[in-house]
Amino acid sequence: MPSIQMSDAVIRIEDLHKSYETSAGLFPALKQVNLSIASGEFVAIMGPSGSGKSTFMNILGCLDKPSTGRYFLDGRSVADLGKDELALLRNRTIGFVFQGYNLLQRMSLLDNIALPLIYCGVEREERQHRAHDLLTKVGLGNYSGSMPNKISGGQQQRVAIARALVNRPRLILADEPTGNLDSQTGKEIMTLFEELNHEGITIVLVTHEEDIASHAKRQVRFFDGRIVSDHASQHSGALA
Amino acid sequence: MILAMLGEAWRAMGANRLRTFLTMLGMVIGVGAVVLMMSIGQGAQFAIKQTIAAMGSNLFILLSGSTSAGGVRSGSGGGYTLTVGDADAISELPGVLAVAPIHPGNTQVVYGPNNWNTSIIGTTPSYLDARSWQVTSGNVFTDSDVRSATRVALIGKTAAQNLFGDEDPLGKTFRIRQSPFVILGTLAVKGQAMDGRDQDDTIIIPLTTAQRQVFGSQFQGSVRMVMVQTATQEIMPAVEKSMTDLLRQRHRIREGMDNDFFLRNLTAAADSAAESTRIMSLLLGAIASVSLLVGGIGIMNIMLVSVTERTREIGIRMAIGARERDILLQFLLEAIIISVIGCFIGLLLGIGGALLTNALTGTMVIISGSSVVVAFSVAAAVGIFFGFYPAHKAAQLDPIDALRYQ
């Protein structure tokens, strides 16, 4: 297990609980979770469905708040932040990659990638420029004017990754990014993540596939709302 | 930032053109109706004002009281209780600007082979002052013409056309009941009176000439009507009172007896006509505003559908860093763009409709800058008002729920 200095931890979670109100009473989704992820790590979060890993990802992504416990993102206590500051974190510090790509169908690939930049007031030329650079980086430089429904799932996921990267985030959160892809395309996407991690971006991804998880350097397993194992991957040294 | 959002709003509207168009149609019809109705209403008001101005301002008309002979009562003006002396006395009252005794009638006039039945007004030159009526050529007869009962006449345009055709009537001699008259001047065009009478179908001659040589008069010096003009509208009630008192005194009417004359305030009648036109145009505007309101509700309706349809998109936008106000602004902008473009088209249609109304029916229309400004600001306000709730609803969505929405 990698040793983590508190100071360079991108994510630090202390004694986190999360429960939902249901008709049957309070349902605890996460119980007493403690986790630190250092800058530059590549972590796979695993577990069966209902184990709380999606809830955990939502909290990591500042889309949801813990019921009790503390969550420090980039050294800041997320509980103390207002809605606008959380939006700013999602915009600047975090890049999201979803299972269903979640591109906006009405926009060209270039505009999709540039979208987060609109929300932090980057000028149009700069937006276009950065979006084009990233589209080239994910290998789709010739597709800038295409619409999302004209390209394959793997290509769409690449565009989604480019969108996640456009604001130069410290952290990429990927929720089952290969879930809708065949294994070969999935492998290519994972290679892209490995490259990004190599460039120093911290990556946390949720998956239930062992061979996808094996691309990560560290594997954290959830079961019934708790972390049940947390260890370095056997293959982690292969590419890093 | 705003520019980028405008672009996005435009794209969102373009994605569902038919729906955008139909939503816009509500605004188009609303604004079009408001502009059209305001144009027609203002046109009608202007027409009434013109009529009033043509009639002359601050006018009273005094009529002789009715007579009763053998049980047959004449109408007002039938008797001969008013005299030129009364008129002269009234002209001495404070606040009275002009006094004109009038002897009206209708009779046949002849020029060469043409003859025409027209209205003859026997009066003094101050009648023209009171009615602010000018001559376009020639001269007005003078008080000395009135004193010596000369046979001169001023002729209105309609009467002149029927009697003289294309000839210039000035200086021509024509006959009224066998007596030859010389045309001294032609009257400026007055147009229709409020009761629809053509005021230009008339001939004005000196009062005394009318009394002695045209209509005849039972009693020397009596007149059928007197027109009185006051200096301002405010003093009209005061003048009305002093005039009544004066005439009662002059006619020796005892306390408790009825007046032997009628006093009418012409300006008040005209004002009430103007007021009813104003109320009518307000009413038209109010009805048209209802369609604007319905258009606004249409926008709200569609925006609510749009927010529901795009829930997932809203979730994605929130996940990549859109703040609540970014989402709010995006949907608000869409509503405003729809209403402003709708308003613009409605404005063009409304103006077009007003011009068409004018061309087809001759109704006077006035397209004022103020009605355009009002329509535009109302449209923008409607867009903001009815767009706000859906936009607010969008902005308040929970990002997780929105992302999960299928």
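Residues numbered from 1 in each chain as written. Chains lettered and ligands numbered in written order. Predicted model: local features only at pLDDT ≥ 70, side-chain atom pairs only at ≥ 80, totals over all residues.

Visitor: If you had to explain the overall build of chain A to someone new, which residues and values would you point to?
Guide: The helix and strand tally for chain A stands at eight helices and 10 strands. Its C-alpha atoms give chain A a radius of gyration of 18 Å, near enough to 18 Å, the size a compact globule of 240 residues would have. In terms of principal-axis extent, the alpha carbons of chain A reach across some 50 × 40 × 40 Å. Relative to its full complement of 240 residues, chain A shows a buried share of 47%. Within chain A, contacts between residues at least 6 apart in sequence are counted, and of these 69% link residues at least 24 apart. (Helix = DSSP H or I, 4+ residues; strand = E, 2+ residues; numbered from the N terminus. Rg over C-alpha atoms; globule rule 2.2 N^0.38 Å. Buried ≥ 20, exposed ≤ 12 C-beta atoms within 10 Å, placed from the backbone. Contact = placed C-beta atoms within 7 Å.)

Visitor: How would you summarise the interface of chain A and chain B if you had to cite specific residues and measurements?
Guide: Across the contact, 21 residues belong to chain A and 15 residues belong to chain B. Where the side of chain A that touches chain B is concerned, the elements lending two or more residues are helix H2 (83-92) and helix H3 (109-118) of chain A. It is H2 of chain A that contributes the most residues to the side of chain A that touches chain B, six residues altogether. Partitioned by chemical class, the residues of the side of chain A that touches chain B number 10 nonpolar, four polar and seven charged. (Nonpolar A, V, L, I, M, F, W, Y, C, P; charged D, E, K, R; others polar.)

Visitor: For the pairing of strand S9 (residues 173-176) of chain B, give the residues involved together with the corresponding values.
Guide: All names here are of chain B. Here S9 shows one buried face, formed by Phe174 and Ile176, and one open face, formed by Thr173 and Arg175. Where strand S5 (residues 96-111) lies against S9, two bridges are found, and the strand directions are antiparallel. Each residue of the ladder has a partner; that of valine 110, found in S9, is arginine 175. In the sheet, S9 pairs with strand S10 (residues 179-187) via four bridges, with the strands oriented antiparallel. From the neighbouring strand, arginine 175 faces S10, where its bridge partner is proline 180. In this structure, the hairpin formed by S9 and S10 is closed by a connection of two residues, where arginine 177 is found at a positive phi of approximately 45°. (Pairing = 2+ DSSP bridges.)

Visitor: Kindly report on the sheet that holds strand S1 (residues 9-22) of chain A, identifying the contributing residues and their values.
Guide: Residues and elements named next belong to chain A. Read from one edge of the open sheet, four strands run S2-S1-S4-S5, paired in antiparallel fashion. With partners counted over all chains shown, the strands left at the sheet margins are strand S2 (25-38) and strand S5 (76-77), one partner each. With 10 bridges joining them, S1 and S2 adopt antiparallel strand pairing. Following the sheet pairing, lysine 18 is matched in S2 by leucine 30. Packed on one face of the sheet, helix H1 (residues 53-60) meets S1, S2 and strand S4 (68-73) and runs near 60° to S2. (Axes fitted to C-alpha atoms, helices over the stretch in contact; angles between N-to-C directions.)

Visitor: Just give me the short version of the sheet that holds strand S6 (residues 94-97) of chain A, but keep the residues and values in it.
Guide: Residue and element names in this part refer to chain A. Pairing is mixed across the open sheet formed by six strands, whose spatial order is S6-S7-S8-S3-S9-S10. Every interior strand has two partners, whereas the edge strands, S6 and strand S10 (226-232), have only one. Put simply, the sheet's adjacent strands are angled 15° from each other on average, direction ignored. Pairing of strand S9 (residues 218-223) with S10, which is carried by six bridges, proceeds in the antiparallel orientation. Counted as the bridge partner of phenylalanine 223 is arginine 226 from S10. Most of the contacts of helix H5 (residues 153-165) go to S6, to which it runs at about 165°, and overall it touches S6 and strand S7 (171-175). Strands in contact with helix H6 (residues 183-198) are strand S3 (42-46), S7 and strand S8 (202-206); relative to S8, the strand with the most contacts, it is inclined by about 150°.

Visitor: Tell me about the packing of helix H9 (residues 266-309) of chain B against helix H11 (residues 324-361) of chain B, residues and numbers included.
Guide: All names here are of chain B. In contact at an axis separation of 11 Å, H9 and H11 are set at 145° when each is read in the N-to-C sense. When you trace H9 past H11, the crossing you get is right-handed. Along the contact surface, H9 presents Ile299, Met303 and Val307, while H11 presents Phe331, Glu334, Ala335, Ile338 and Ser339. A per-class count over the contact of H9 with H11 returns six nonpolar, one polar and one charged. (Left-handed = near helix turned anticlockwise from the far one by under 90°.)

Visitor: Would you mind going over the domain arrangement of chain B in detail, with residue names and values included?
Guide: As far as domains go, chain B holds domain 1 (2-52 + 272-404) and domain 2 (59-231). Between domain 1 of chain B and domain 2 of chain B, the C-alpha centre-to-centre distance is 56 Å. (Domains from an automatic or database assignment.)

Visitor: Break down unusual backbone geometry for me, with residues and values.
Guide: The phi angle at cysteine 62 of chain A is positive, at roughly 60°, despite the residue not being glycine. Note on placement: cysteine 62 of chain A falls in the loop between H1 and S4. Within the chain, serine 132 of chain B stands out as a residue other than glycine whose phi angle is a positive 40°. Within the secondary structure, serine 132 of chain B sits in the loop between helix H4 (126-130) and strand S7 (135-138).

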